[in-house]
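Reading the structure
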There are 2 protein chains.
Amino acid sequence: CFSQDIDHILETQSALAVDLGGTNLRVAIISMKGGIVKKFCQPNPKNYEARMELILKMCTDAAIQAVDLNCRILGVGVSTGGRVNPQEGVIIDSTKLIKEWSGIDIRTPISDALHLPVWVDNDGNCAALAERKFGHGRGVEDFVTIITGTGMQTAALGPTTRHRRGIIQHGELIHGSTFCAAELGHITVSLDGPECKCGSRGCVEAFASGLALQHEAKKLHDADLLITEEVPLKGEETITAAHLISAAQHGNPKAEAVLRTAGTALGVAVVNILHTVNPSLVVLSGVLASSYQAPVQQVISQRALCSVGNVKVLTSDLQEPALLGAASMVLDFATRRMN
Amino acid sequence: CFSQDIDHILETQSALAVDLGGTNLRVAIISMKGGIVKKFCQPNPKNYEARMELILKMCTDAAIQAVDLNCRILGVGVSTGGRVNPQEGVIIDSTKLIKEWSGIDIRTPISDALHLPVWVDNDGNCAALAERKFGHGRGVEDFVTIITGTGMQTAALGPTTRHRRGIIQHGELIHGSTFCAAELGHITVSLDGPECKCGSRGCVEAFASGLALQHEAKKLHDADLLITEEVPLKGEETITAAHLISAAQHGNPKAEAVLRTAGTALGVAVVNILHTVNPSLVVLSGVLASSYQAPVQQVISQRALCSVGNVKVLTSDLQEPALLGAASMVLDFATRRMN
Ligand SMILES: [Ca+2]
Ligand SMILES: [Ca+2]
Ligand SMILES: [Zn+2]
Ligand SMILES: [Zn+2]
């Protein structure tokens, strides 16, 4: 009985986090302090049945491992691409990268199989929740996250709202009337800019996402203006945004111009966000974050109203924003219950 | 005693509303149902002392009249140009149109003089509050108002936020971290558009405000391309946006082109708002509202993501949004206390 108590005390309060991306399906055991105790990764199956089966298997396996690792799993948090109704635990519709993944109740099957509470939100919102709990967003009441990877995911956390009873509400995700807020990748920064895959034109994503930069890199490569001794192409390697960035770093003026325009576009989008919700912090994350921090700061100082210009722009320190954010939905709930 | 009770029953629960604009200072007695019982108007004095003195005099006079009109004044609501901290009742800084009006505590002197509670917010936010209580915003949880008059005032009401305790919060004003949210007039819609008075360029206000249209109208007039028999210039009349609209209505292609660009710019700004906070309704008000409704709808159908495209765009029916919104801060508080 004594040893049981000790065991209980030594247990690590933890969450299972699931990250459903275009390529991979990942499950992790994450501790209350944000430590990744164990991580599992499989290719994300191409159809609903196989995917759901694999999610349940990976979660069950992880839960069993958690016992061995003396981790007490308090619940499951799911991060997925697409548009999510977090109240219902339902994926409303998905990105093109995840097939057969619209109108899916993901909460019920996981909850039934694991007998645990389940939270769901999209990858952009999860990244923001990760910043709030483990990153630059700690203690910040309203901030925006922008992830520039292949595409662009974004989220906004609770601007100051004046509550009916005079109480001030802070630091909660803005989901919007149709769970489609913070589609900041499709903020238009140019009336007649490049075409965007959403059907509009001049969206910031069409200037500044990894895919947009790759597109420009390929155009330069086709014109024989990209690859040099300093920016070599290794074997069968595909041209990517990394080649463009490397070329710009080595003084290629065409590559510099593309990155300058992309940085300006992202900066203008951020200024538009400042003028709409006036957050106190913008966190840039994803592989392109460090390239964009300086241009975004510069555009803010040139274009924002003084009254919003004191916003901080930081680059994320988090390694696994989607998994950490998914876990935080579980861990925050557990913390509230314990207090 | 009986007659006193009758008197009390017949009393109209009312608010004093103050509207501080660039030109006029207005005070009104407004009933619970939004009726304007009596309205007083004076030129807005050019310095702080004269202005504050006149505000207190007009409010005191109105309160005396209210007794005769059997209106019970429950409090004072103030709408002012500029940036406001509504919690403190302080004007942080003002538009250039109202001099000596920064860092002003307006609540304390009015409250001291009238022995009534006082609420303060800026004109854009007051217009949104008016829509919520008396206009198209009734029962709508999250909407945005855009007033296109000489300049452009805007406000956003409570997007859906997920509350710490799982409660859903709706329908409250977004004030932002430095009370500077909803500066939607300075949303950039063109990386290198016309210069804006804020110091940036390509802001929607620089395309679509009354001043921007007047500027374009004057340019056409100087090139002798505006005034015709159908669009006459009466005597010493100044050229305004109205001449431009009239010329476009009579088929002047240059005037049509200016209005088309302005409508597209406003539409793109609205799409950016949809992608940032995803409201369910946009209310256009001000003199240009009816001219802009169709182009804004069209740009939404062309450029917005399908998931936000079902937003409603309506033209305001309210005659006095600033006064009604100022009154609503008082009336809503009184209603809450009575329930
Ligand atoms: Ca998002
Ligand atoms: Ca405003
Ligand atoms: Zn787009
Ligand atoms: Zn501007």
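Residues numbered from 1 in each chain as written. Chains lettered and ligands numbered in written order. Predicted model: local features only at pLDDT ≥ 70, side-chain atom pairs only at ≥ 80, totals over all residues. Heavy atoms only, no water.

1. Quick notes on the interface of chain A and chain B
On the side of chain B, 58 residues touch chain A, which itself brings 58 residues to the contact. Approximately 4,900 Å² of surface area, both sides summed, lies buried where chain A meets chain B, with 53% of it carried by carbon and sulfur atoms. Scanning the region where chain A abuts chain B turns up zero salt bridges. Seen at the junction of chain A and chain B, the total is twelve residue pairs in polar contact (both at pLDDT 80 or more). (Contact = heavy atoms within 4.5 Å. Buried area = accessible area lost by both parts, 1.4 Å probe. Salt bridge = Lys/Arg side-chain N within 4 Å of Asp/Glu carboxyl O. Polar contact = N/O pair within 3.5 Å; in protein donor to acceptor, adjacent residues only side chain to side chain.)

2. Side note on the coordination of the zinc ion (ligand 3)
In ideal tetrahedral geometry, four donors around a metal make angles of 109.5 degrees, whereas ideal octahedral geometry with six donors gives angles of 90 or 180 degrees. Residue and element names in this part refer to chain A. For the zinc ion (ligand 3), the full set of protein donor atoms is H186 (ND1), C196 (SG), C198 (SG) and C203 (SG), and the range of their distances to it is 2.1 to 2.3 Å. Between the four donor atoms coordinating the zinc ion (ligand 3), the angles at the centre fall across 105 to 118°, so the site counts as tetrahedral. On the primary sequence, the residues serving as donors to the zinc ion (ligand 3) are separated as H-x9-C-x1-C-x4-C. Residue C196 is classed as buried on the basis of its relative accessible area of 9%. (Donors = N, O, S within 2.8 Å, 3.2 Å for Na, K, Ca; no water. Tetrahedral: all angles 85-135°; square planar, octahedral: opposite > 155°, others 65-115°. Buried < 20%, exposed > 50% of the residue type's maximum accessible area, 1.4 Å probe, protein only.)

3. Topic: unusual backbone geometry
A negative phi holds for most residues other than glycine; trans holds for most peptide bonds. Residue and element names in this part refer to chain B. Residue H115 is not a glycine yet carries a positive backbone phi of 55°. Relative to the assigned elements, H115 resides in the loop between α3 (107-114) and β8 (118-122). Not every positive phi belongs to a glycine, and D224 is a case in point at roughly 60°. In this structure, D224 sits in the loop between α6 (210-222) and α7 (241-249). (Helix = DSSP H or I, 4+ residues; strand = E, 2+ residues; numbered from the N terminus.)

4. Remarks on the pattern of salt bridges
Under the counting rule described, the total for this entry stands at 20 salt bridges over all chains. The partner of D19(A) in a salt bridge is R26(A), with the nearest N and O atoms 3.1 Å apart. Given the relative accessible area of 11%, D19(A) is considered buried. The salt bridge partner of E205(B) is K197(B), with a shortest N-O separation of 2.7 Å. By relative accessible area, E205(B) is classed as buried at 6%. K197(B) gets classed as exposed once you look at its relative accessible area, which sits at 60%. Salt bridges sharing partners connect three or more residues here, namely D19(A), R26(A), K39(A) and E320(A).

5. Thoughts on the coordination of the zinc ion (ligand 4)
All names here are of chain B. Taken together, the protein donors to the zinc ion (ligand 4) comprise H186 (ND1), C196 (SG), C198 (SG) and C203 (SG), at separations of 2.1 to 2.4 Å. Coordination geometry of the zinc ion (ligand 4): the four donor atoms subtend angles of 106 to 117° at the metal centre, consistent with an arrangement described as tetrahedral. Looking at C198, the relative accessible area reads 25%, which means it is partly exposed. Classification of C203 by relative accessible area gives buried; the value is 0%.

6. Some thoughts on the relation of the copies chain A and chain B
Superposition record for chain A on chain B: RMSD 0.1 Å, screw rotation 180°, translation along axis 0.0 Å. Both copies of the chain, as the preceding transformation shows, are related through a two-fold rotation axis. Using C-alpha coordinates, one finds that chain A approaches the rotation axis most closely at S190(A), a distance of 2.1 Å. When the interface residues of chain A are mapped onto chain B, 100% of them again lie at the interface, so the same face is used by both copies. (Least-squares fit on C-alpha atoms with pLDDT ≥ 70 in both.)

7. What to know about the pairing of strand β6 (residues 90-93) of chain B
All names here are of chain B. Alignment of strand β5 (residues 83-85) against β6, held across three bridges, turns out to be antiparallel. Bridged to R83 within β6 is D93. The antiparallel pairing of β5 with β6 creates a hairpin that spans four residues between the two strands, and G89 there sits at a positive phi of about 70°. Two strands pair when backbone bridges link them, and β6 and strand β7 (residues 104-105) are joined in this way by two bridges, in the antiparallel orientation. Opposite I91, over in β7, you have I104 as the bridge partner. (Pairing = 2+ DSSP bridges.)

8. Describing the packing of helix α8 (residues 253-277) of chain A against helix α9 (residues 289-303) of chain A
Residue and element names in this part refer to chain A. Taken N-terminus to C-terminus, the directions of α8 and α9 make an angle of 55°; their axes are 8 Å apart at the nearest point. Classified by the interaxial angle, the pair formed by α8 and α9 is oblique. The crossing of α8 and α9 is right-handed. Note on element contacts: α9 touches α8 through Y292, P295, V296, V299, I300 and R303, opposite A262, G263, T264, L266, G267, V268, V270, V271, L274 and H275. (Axes fitted to C-alpha atoms, helices over the stretch in contact; angles between N-to-C directions. Parallel < 35°, antiparallel > 145°, perpendicular 65-115°, else oblique. Left-handed = near helix turned anticlockwise from the far one by under 90°.)

9. A look at the packing of aromatic side chains
Residue and element names in this part refer to chain A. Throughout the structure, instances matching the rule amount to four aromatic pairs over all chains. Pairing W119 with F333 gives two aromatic rings, centres 5.0 Å apart and planes at 50°, and the pair type is tilted. Here W119 is found in strand β8 (residues 118-122), whereas its partner F333 is found in helix α10 (residues 321-338), with 214 residues between them in sequence. Over the aromatic face of W101 sits the side chain of R51, whose NZ or CZ is 4.8 Å from the ring centroid. (Phe/Tyr/Trp six-rings, centres within 6.5 Å; stacked < 30°, edge-to-face > 60°. Lys NZ or Arg CZ within 6 Å of the ring centre and 35° of its normal.)

10. Notes on the sheet that holds strand β7 (residues 104-105) of chain A
Read from one edge to the other, the open sheet built from three strands follows the order β5-β6-β7 (chain A), with strand pairing classed as antiparallel. What marks the edges here is a single partner per strand, and that holds for β5 (83-85) and β7 of chain A.

11. Brief notes about the sheet that holds strand β4 (residues 71-80) of chain A
Residues and elements named next belong to chain A. One open sheet holds the five strands; their spatial order is β3-β2-β1-β4-β8, and the pairing between them is mixed. Two strands close off the open sheet at either side, each with one partner strand: β3 (36-43) and β8. Each strand axis lies, on average, 20° off the axis of its neighbour in the sheet, ignoring direction. In this fold helix α2 (residues 48-68) packs onto β1 (12-20), β2 (24-31), β3 and β4, with an angle of close to 25° to the strand it touches most, β2. Set on the sheet, helix α4 (residues 123-134) makes contact with β4 and β8; between it and β8 the angle comes to about 110°.

12. Let's talk about the environment of C203(A)
Residues and elements named next belong to chain A. Along the chain, the position of C203 falls in the loop between β12 (168-169) and α5 (204-208). With 13 residues separating them in the primary sequence, C203 and S190 have C-alpha atoms 7.2 Å apart. Beyond its immediate stretch of four places on either side in the chain, C203 contacts G185, H186, I187, T188, C196 and C198.

13. Some thoughts on α9(A)
Residues and elements named next belong to chain A. With 15 residues, α9 extends 20 Å from end C-alpha to end C-alpha; this agrees with the ideal 21 Å at 1.5 Å per step. Where α9 is concerned, the buried positions are A289, Y292, V296, V299, I300 and R303. Residues of α9 that are buried in the fold lie against β9 (143-148), α5, α6 (210-222), α8, β13 (281-285) and β14 (312-315). (Expected span 1.5 Å × (residues − 1).)

14. Re the confidence of the model for chain A
The predicted coordinates of low-pLDDT regions are not to be read in fine detail. For chain A, per-residue confidence averages 88 on the pLDDT scale, and 92% of positions sit at 70 or higher. A low-confidence stretch, residues 160-169 of chain A stays under pLDDT 50, and its non-local contacts, those more than four residues away or across chains, total 33 contacts. (pLDDT = per-residue confidence, 0-100.)

15. Examining the side chain of R51(A)
Residues and elements named next belong to chain A. Mapped onto the fold, R51 is located in helix α2. The side chain of R51 sits in the buried core without any salt bridge; E100 is the nearest counter-charge, 6.4 Å away. The residues contacting R51, other than those within four sequence positions of it, are L20, L25, N44, P45, K46, I98, K99, E100 and W101. (Lys, Arg positive; Asp, Glu negative; His and termini not counted.)

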